[in-house]
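# Structural description and commentary
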Amino acid sequence: MAEPSPQYVRDLSITGEFAAISDGVISNVIVEVALQYLSMTGEDMHERVLGLHTAHILKAALMAAGGGGGGGQVALTKAKVGPLEKQYGLLVKPVQPGSGLDDSTAYGRRCRALLKSRLPAMRASAPC
């Protein structure tokens, strides 16, 4: 089964958030993820699932390092009543990704949805 290339994983991002990550680092994550899906996915979706799961791991690592979302920044909210205006600071808590494939990133949500769409077909075709 085909594994995604590092460029394939980079192309999953609309914002280019994986552009600075080396091919070697992305390839290492792909190999790690591929071991989890050896017999679990069909050939038609194998590359997509590996790519999305790899992107999820990379995004979670970027978030944990504070680059790519929720590093404890303060979001300002403004309220204006007549000539008076007030600003309120809301602390945006860092995202705490789970240890596996979860919904903490868009890539994780997309990968889980893809796997979930295939699970009923996989169960029906499994011998009893």
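By convention here, each chain's residues receive numbers from 1 onward along its written sequence. Only residues with pLDDT of at least 70 get local features here, since the model is predicted, and only at 80 or more are side-chain atom pairs given and counted; chain-wide, interface and lining totals rely on the full set of residues. With hydrogens and water stripped out, all remaining heavy atoms of the structure feed into the side-chain values.

## A word on the pattern of salt bridges
Any Lys or Arg side-chain nitrogen found within 4 Å of a carboxyl oxygen on Asp or Glu counts as a salt bridge. Taken as a whole, this structure holds 3 salt bridges when the rule is applied. The salt bridge partner of Lys 59 is Glu 17, with a shortest N-O separation of 2.8 Å. Pair noted here: Lys 59 is in helix α3 (residues 43-64) and Glu 17 is in the loop between α1 (6-11) and α2 (23-34), with a separation of 42 residues, a long-range link. For every residue, the accessible area obtained with a 1.4 Å probe (protein chains only) is divided by the maximum for its type, and the residue is called buried under 20%, exposed over 50%, and partly exposed between those limits. On the accessibility criterion, Glu 17 (22% relative accessible area) is partly exposed. Secondary structure elements are defined from DSSP: runs of H or I of at least 4 residues count as helices, runs of E of at least 2 residues count as strands, and each element is numbered from the N terminus.

## Quick notes on the side chain of Ser 13
With respect to the helices and strands, Ser 13 occurs in the loop between α1 and α2. A distance of 3.3 Å separates a polar side-chain atom of Ser 13 from the backbone nitrogen of Thr 15. Residues within four places of Ser 13 in sequence aside, it is in contact with Phe 18 and Tyr 107. For the purposes of these results, a polar contact is taken to be a pair of N or O atoms within 3.5 Å, where, inside protein, one atom must be able to donate a hydrogen and its partner to accept one; residues adjacent in sequence count only when each atom of the pair is a side-chain atom. Pairs of residues are marked as contacts when any of their non-hydrogen atoms sit within 4.5 Å.

## Digging into the confidence of the model for the chain
A score between 0 and 100, pLDDT records how confident the predictor is in each residue. Here the chain shows a mean pLDDT of 77. Residues at 70 or above account for 70%. Here residues 123-128 is modelled with pLDDT under 50, and outside its nearest four sequence neighbours on either side it reaches 0 contacts, counting other chains as well.

## Considerations on the nonpolar core
Note on terminology: a nonpolar core comprises buried Ala, Val, Leu, Ile, Met, Phe, Trp, Tyr and Cys residues joined through side-chain atoms within 4.5 Å. Residues Val 9, Phe 18, Tyr 37, Leu 58, Cys 111 and Leu 115 are the most contacted members of the largest nonpolar core, which totals 20 residues. Only α2, α3 and α4 (106-125) provide two or more residues apiece to this core. The dominant element in this core, judged by the number of residues it contributes, is α3, at 6 residues. Setting aside residues up to four positions removed in sequence, Tyr 37 forms contacts with His 46, Val 49, Leu 50, His 53, Leu 101, Cys 111 and Leu 115.

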